[in-house]
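Report on the structure
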Amino acid sequence: MRIAVFDTHPYDERALSEANANGAHQLEFFEERLHDKTVELAAGFDAVCPFVNCRLTEHVLQRLAELGVRLVALRAAGFNGIDIAAAERAGIVVARVPAYSPEAVAEHAFALLLTLVRKTHRAYNRVREQNFSLDNLEGFTLHGKTYGSLGAGRIGQCAMRIARGFGCKLIAYDPYENPATAAEIGFEYASLERVLAEADVISLHLPLTEQSHHIINAAALAQTRCGVILINTSRGGLIDTPALIEALKSGQVGGVGLDVYEMEEGVFFHDLSDRPLQDDQLARLMTFPNVLITSHQGFLTREALNAIAQTTLASASAFERGAEVINRVRLG
């Protein structure tokens, strides 16, 4: 199968090429994201392999079908950038990678959290300038604190296991409860309101849906403990950014670690160091000393990349031989 891989970086090419070592598929890599201006690059291919910031609208999917593309093998879990109904109408199968390495994302969430609560990023910069003062570097211990997870799926569960190791009390909100899992890990299901009110740390591990969009908004932030730490390694659209900025200014939020951002498309994954940042909200967030932002790198471990590549190509192989595509995305 000929596969056009879009929004490609060196780490994508390495992982996919290694997973395709047997030469089962013909891979061609494009740096461009897949959208209405680049869809013609898919001419002559049987499948396309987009990433999270590609935009497969009804127009793009119709054109892909006209070009002979029969499969969209998304190398990510979230598929909100793809019009699934339009894909079905066009006769295109959409597959995703529902789980690759939940540990990678959960561990990155704690990298952000520990950096914030112990201020190691500020200490690192001081020491490099031969400033060994400890003034204003006071943090707090996680032991004994209440860790609230919004979402108790695979990544949320991994994060709570880590938090349990630090001696945290665990509470979680999830629309779909699994009492057996809660008992095994040692967390308690709670309402959204209770998590907001009781947690010292709130970590987001929800998919982005109509119901979860801006689940962290001005009203939600007003319910949190003063000085709460907020971590988001899930989807940028879970947080209302203007409301977050106001909560940071007032001190209601004591620290924020973001690996995702609602308007990250065209910014994250790119080197913009030679030009002014055009996003005023992102620029404002970056002025706060208690805000730590990484560029959607939670998935970026060798293990996770290899798992993503293997699952993506396994979907392509199954589709090619007419077998069931296990990770197919369907309406409903």
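Coordinates for the structure precede this section.
Quick summary incoming for the structure in this document. Given the structure is predicted, the values throughout are model-derived calculations rather than measurements. The written sequence of each chain sets the order in which its residues are numbered from 1. The predicted nature of this model means local features are confined to residues of pLDDT at least 70 and side-chain atom pairs, given and counted, to a pLDDT of 80 or more, with totals for whole chains, interfaces and linings taken over all residues. Values shown for side chains rest on all heavy atoms present in the structure; no hydrogens or waters enter the calculation.

**Let's talk about the sheet that holds strand β8 (residues 188-189)**
Hydrogen bonds between backbone groups are what pair the strands of a sheet, and the pairing can be parallel or antiparallel. Spatially, β8-β7-β6-β9-β10-β11-β12 is the arrangement adopted by the seven strands of the open sheet, whose pairing is parallel. Among the strands making up the open sheet, the edge pair consists of β8 and β12 (291-293). Two strands qualify as a pair provided that DSSP identifies no fewer than 2 bridges between them. Only runs of H or I of at least four residues qualify as helices and only runs of E of at least two qualify as strands under DSSP, and these elements are numbered from the N terminus. Pairing of strand β7 (residues 169-173) with β8, which is carried by two bridges, proceeds in the parallel orientation. By the bridge assignment, I171 is partnered in β8 with E188. Against the sheet, helix α10 (residues 241-250) touches β10 (228-232), β11 (253-258) and β12, its axis set at about 140 degrees to β11. What makes two residues a contact is simply this: any of their non-hydrogen atoms within 4.5 Å. Every angle, taken between N-to-C directions, lies between 0 and 180 degrees, and every axis is a line fitted to C-alpha atoms, over only the stretch in contact when it is a helix.

**Overview of the pattern of salt bridges**
Any carboxyl oxygen of Asp or Glu within 4 Å of a side-chain nitrogen of Lys or Arg constitutes a salt bridge here. According to the stated counting rule, one finds 15 salt bridges in the structure shown. In this structure, the salt-bridge partner of E18 is R14, at a minimum N-O distance of 2.9 Å. In this pair, E18 and R14 both sit in helix α1 (residues 10-19), four residues apart, roughly one turn of the helix. Between R63 and E40 there is a salt bridge, and its shortest N-O distance comes to 2.8 Å.

**Description of the side chain of S149**
Mapped onto the fold, S149 is located in strand β6 (residues 146-150). Partly exposed residues are those whose accessible area sits between 20% and 50% of the maximum for their type, while under 20% is buried and over 50% is exposed, using a 1.4 Å probe and protein chains only. For S149, a relative accessible area of 0% translates into the label buried. A polar atom in the side chain of S149 sits 2.6 Å from the backbone oxygen of G151. The residues touching S149, leaving out its near neighbours within four places in the chain, are G156, M160, I171, A172, Y173, S203 and H205. Contacts described as polar in this section are N or O atom pairs within 3.5 Å, which, within protein, must combine one atom able to donate a hydrogen with one able to accept it, while residues neighboring in sequence count only if both atoms come from side chains.

**Concerning the packing of aromatic side chains**
For any pair of aromatic rings, the description rests on two quantities: the centre-to-centre distance and the angle between the ring planes. Centres within 6.5 Å make a pair out of two Phe, Tyr or Trp rings, where for Trp the six-membered ring is used; the pair is then stacked when the planes are under 30 degrees apart, edge-to-face when over 60, and tilted otherwise. Within the structure shown, the criterion is met by eight aromatic pairs. Between F187 and Y189, the ring centres sit 5.0 Å apart and the planes meet at 75 degrees, which makes this aromatic pair edge-to-face. Of the aromatic side chains, those joined through ring pairs into one cluster are Y11, F51, F269 and F299. We call a charge positioned above a ring when the Lys NZ or Arg CZ atom is no farther than 6 Å from the ring centre and deviates by at most 35 degrees from the ring normal. The ring of F45 carries R2 above its face, with NZ or CZ at 4.3 Å from the centroid.

**Notes on unusual backbone geometry**
Backbone geometry follows two general trends: most residues other than glycine have a negative phi, and most peptide bonds adopt the trans configuration. We note that D7 has phi near 55 degrees; this positive angle belongs to a residue other than glycine. A relative accessible area of 3% places D7 in the buried class. Phi angles above zero are rare outside glycine, and H214 is one such case at about 55 degrees. Position of H214 relative to the elements: it lies in the loop between β9 (201-204) and α9 (218-223).

**Digging into the pairing of β10**
A large share of β10 lies buried, amounting to five of its five residues. Side-chain alternation along β10 places V228, L230 and N232 on one buried face and I229 and I231 on a second face that is also buried. When β9 meets β10, the two strands line up parallel, connected through four bridges. The residue bridging S203 from the neighbouring strand is I231, located in β10. Here a crossover is taken to be right-handed if, once the strands point away from the viewer, the path from the first strand over the helix to the second is traced clockwise. Crossover β10 to β11 through α10 is right-handed.

**Thoughts on the pairing of β9**
Alternating positions in β9 separate into two faces, V201 and S203 on one and I202 and L204 on the other, with burial throughout. Note that β6 and β9 share four bridges and pair parallel. Opposite S149, over in β9, you have S203 as the bridge partner. Once you follow β9 into α9 and on to β10, the crossover reads as right-handed.

**Section: the sheet that holds strand β2 (residues 26-29)**
With parallel pairing, five strands are arranged side by side in an open sheet as β2-β1-β3-β4-β5. Looking along the sheet, the strands with just one partner apiece sit at the ends: β2 and β5 (93-95). Within this sheet the neighbouring strands show an average axis-to-axis angle of 20 degrees, counted without direction. Across three bridges, the pairing between strand β1 (residues 2-5) and strand β3 (residues 47-49) is parallel.

**Quick look at the side chain of S212**
Mapping S212 onto the fold places it in the loop between β9 and α9. A polar atom in the side chain of S212 sits 2.7 Å from the backbone oxygen of P207. If sequence neighbours within four positions are ignored, S212 has contacts with P207, G237 and L238.

**Things to note about the nonpolar core**
V48, L56, L61, L64, I216 and L244 are the most contacted members of the largest nonpolar core, which totals 81 residues. A per-element tally of this core places helix α12 (residues 302-320) first, with six residues. Dropping the residues within four chain positions of it, L61 is found in contact with L56, V72, I82, D83, A86, A87, A90 and I92. Grouped together as the second largest cluster of nonpolar side chains are 25 residues, A109, C158, I185 and I231 included. Definition of nonpolar core: a set of buried residues of the types Ala, Val, Leu, Ile, Met, Phe, Trp, Tyr and Cys, connected through side-chain atoms within 4.5 Å.

**Some words on the packing of helix α4 (residues 102-118) against helix α6 (residues 154-165)**
Packed helix pairs are characterised by how far apart their axes lie and by the angle those axes make with each other. As a packed pair, α4 and α6 sit with axes 8 Å apart at the nearest point and diverge in direction by 50 degrees. In terms of orientation, α4 lies oblique with respect to α6. Seen along the crossing, α4 lies across α6 with a hand that is right-handed. Two secondary-structure elements touch here, α4 through P102, E103, V105, A106, E107 and F110 and α6 through R154, I155, C158, A159, I162 and A163. When residues are grouped by polarity, Ala, Val, Leu, Ile, Met, Phe, Trp, Tyr, Cys and Pro land in nonpolar, Asp, Glu, Lys and Arg in charged, and all others, Gly among them, in polar. Broken down by class, the residue content of the contact of α4 with α6 amounts to nine nonpolar, no polar and three charged. For classification purposes, angles smaller than 35 degrees are called roughly parallel, those larger than 145 roughly antiparallel, those between 65 and 115 roughly perpendicular, and all remaining angles oblique. Helix crossings fall into two classes, left-handed where the near helix is turned counterclockwise from the far one by less than a right angle and right-handed where it is turned clockwise.

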